[in-house]
Amino acid sequence: MPKGYWIAFVTVTDPNTYIGYQQLAPAAFKKYGARFLARGGEAESLEGEAWQRHIVIEFDSKAQAIACYNSPEYQDARRHRTEACTANIAIVEGLPPS
């Protein structure tokens, strides 16, 4: 089964409110087996809009990534995130195992 990937581009506009997201979101990611592949490291925007943070999270499947996003735990954290930043988030299915 192909893995699922949560890809996010984020610019924090209110760091104090964003702390609420940072405190709550890890519970959802842990519950759904998320593995962070990239999170806020050095990045260079070559085309399109520049973002402060670039995040890639791997899940065992696309369905598991979507379940994490829709979970009560993540939605509670999301309420803090939407007040504290702008974001683009996509969940994509990876290539089938070779």
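My aim in this report is to walk through the structure given alongside it, one point at a time.

Criteria and cut-off values
- Residues numbered from 1 in each chain as written.
- Predicted model: local features only at pLDDT ≥ 70, side-chain atom pairs only at ≥ 80, totals over all residues.
- Heavy atoms only, no water.
- Helix = DSSP H or I, 4+ residues; strand = E, 2+ residues; numbered from the N terminus.
- Contact = heavy atoms within 4.5 Å.
- Polar contact = N/O pair within 3.5 Å; in protein donor to acceptor, adjacent residues only side chain to side chain.
- Core = buried A, V, L, I, M, F, W, Y, C linked by side-chain atoms within 4.5 Å.
- Buried < 20%, exposed > 50% of the residue type's maximum accessible area, 1.4 Å probe, protein only.
- Phe/Tyr/Trp six-rings, centres within 6.5 Å; stacked < 30°, edge-to-face > 60°.

## A few points about the environment of Y5
Thinking step 1. Take Y5: it is sitting in strand 1 (residues 4–12).
Thinking step 2. Along the chain, Y5 and A65 lie 60 residues apart, while their C-alpha atoms are 6.9 Å from each other.
Thinking step 3. If sequence neighbours within four positions are ignored, Y5 has contacts with L37, V56, I57, E58, A90, I91, V92 and G94.
Thinking step 4. Here the side chain of Y5 touches E58 through a polar contact of 2.9 Å, side chain to side chain.

## Topic: the nonpolar core
Nonpolar side chains in soluble globular proteins tend to end up buried together.
Thinking step 1. Membership of the largest hydrophobic core comes to 21 residues, with the highest contact counts inside it found for W6, F29 and F59.
Thinking step 2. The set of elements that each furnish at least two residues to this core consists of strand 1, helix 1 (15–31), strand 3 (53–59), helix 2 (62–70), helix 3 (72–84) and strand 4 (85–93).
Thinking step 3. The element contributing the most residues to this core is helix 1, with five residues.
Thinking step 4. Setting aside residues up to four positions removed in sequence, F29 forms contacts with W6, Y21, A34, F36, I57, F59, C68 and Y74.

## A look at the packing of aromatic side chains
Thinking step 1. Inspection of the entire model under this criterion finds ten aromatic pairs.
Thinking step 2. Each ring, one from F29 and one from F36, has its centre 5.2 Å from the other, and the planes form 85 degrees; the classification is edge-to-face.
Thinking step 3. Their ring planes at 40 degrees and their centres at 5.4 Å tell us that Y69 and Y74 sit as a pair that is tilted.
Thinking step 4. Residue class for Y69 comes out partly exposed when judged on its relative accessible area of 22%.
Thinking step 5. An aromatic cluster is defined as three or more aromatic residues linked by ring pairs; in this entry it consists of W6, Y18, Y21, F29, F36, F59, Y69 and Y74.

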